[in-house]
Amino acid sequence: MTRTAQQTFWSDQALARAREVAGDGRTIAVVNDFPDGEQCSWCDCSIEAVVGDADGHHCTGCPQPAGSVLRVHNGTQVRRDIPVCEAHRDDAVVFVFRVLGASR
């Protein structure tokens, strides 16, 4: 799936605003962006499997196509992109704020 010109414009505007607001180093900005053919990256494995086999755990993620890509800005130069299907989007947003919000 290729983005339309309008989707690219909206994405560029939202990403620029997210970088701006997150630039203060205290704010986390998450842009729910249009996907570009990615697969959902959410891991549904149990926490026991992930923690119990941390070095050997290799999840292939959810097999569904991504319905959106969460583009996470937290005031650093690194943007984190998390492709997720519609079923996992809310879980991913909560996860991002728990992990990055705890460091604030």
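Reading the values: rules and limits
Residues numbered from 1 in each chain as written. Predicted model: local features only at pLDDT ≥ 70, side-chain atom pairs only at ≥ 80, totals over all residues. Heavy atoms only, no water. Pairing = 2+ DSSP bridges. Helix = DSSP H or I, 4+ residues; strand = E, 2+ residues; numbered from the N terminus. Axes fitted to C-alpha atoms, helices over the stretch in contact; angles between N-to-C directions. Contact = heavy atoms within 4.5 Å. Expected span 1.5 Å × (residues − 1). Buried < 20%, exposed > 50% of the residue type's maximum accessible area, 1.4 Å probe, protein only. Arc of directions from axis to C-beta.

1. With respect to the sheet that holds strand E1 (residues 29–33)
- Reading across the sheet, the three strands line up as E1-E2-E3 and stay open at both edges, with antiparallel pairing between neighbours. Looking along the sheet, the strands with just one partner apiece sit at the ends: E1 and strand E3 (80–84). Adjacent strand axes in the sheet meet at a mean angle of 20 degrees, parallel and antiparallel pairs treated alike.
- Most of the contacts of helix H1 (residues 5–22) go to E1, to which it runs at about 170 degrees, and overall it touches E1 and strand E2 (68–73).

2. Observations concerning H1
- Between its first and last C-alpha atoms H1 spans 26 Å; for 18 residues at 1.5 Å apiece the expected length is 26 Å, and the two agree.
- When we look at burial in H1, the residues that qualify are Gln7, Ser11, Leu15, Ala18 and Ala22. When H1 is viewed along its axis, its buried side chains cluster within an angular range of 60 degrees and face the same direction. Those residues of H1 that are exposed and angled more than 90 degrees off the buried face are Ala5 and Glu20.
- Of the surrounding elements, those touching the buried residues of H1 are E1 and E2.

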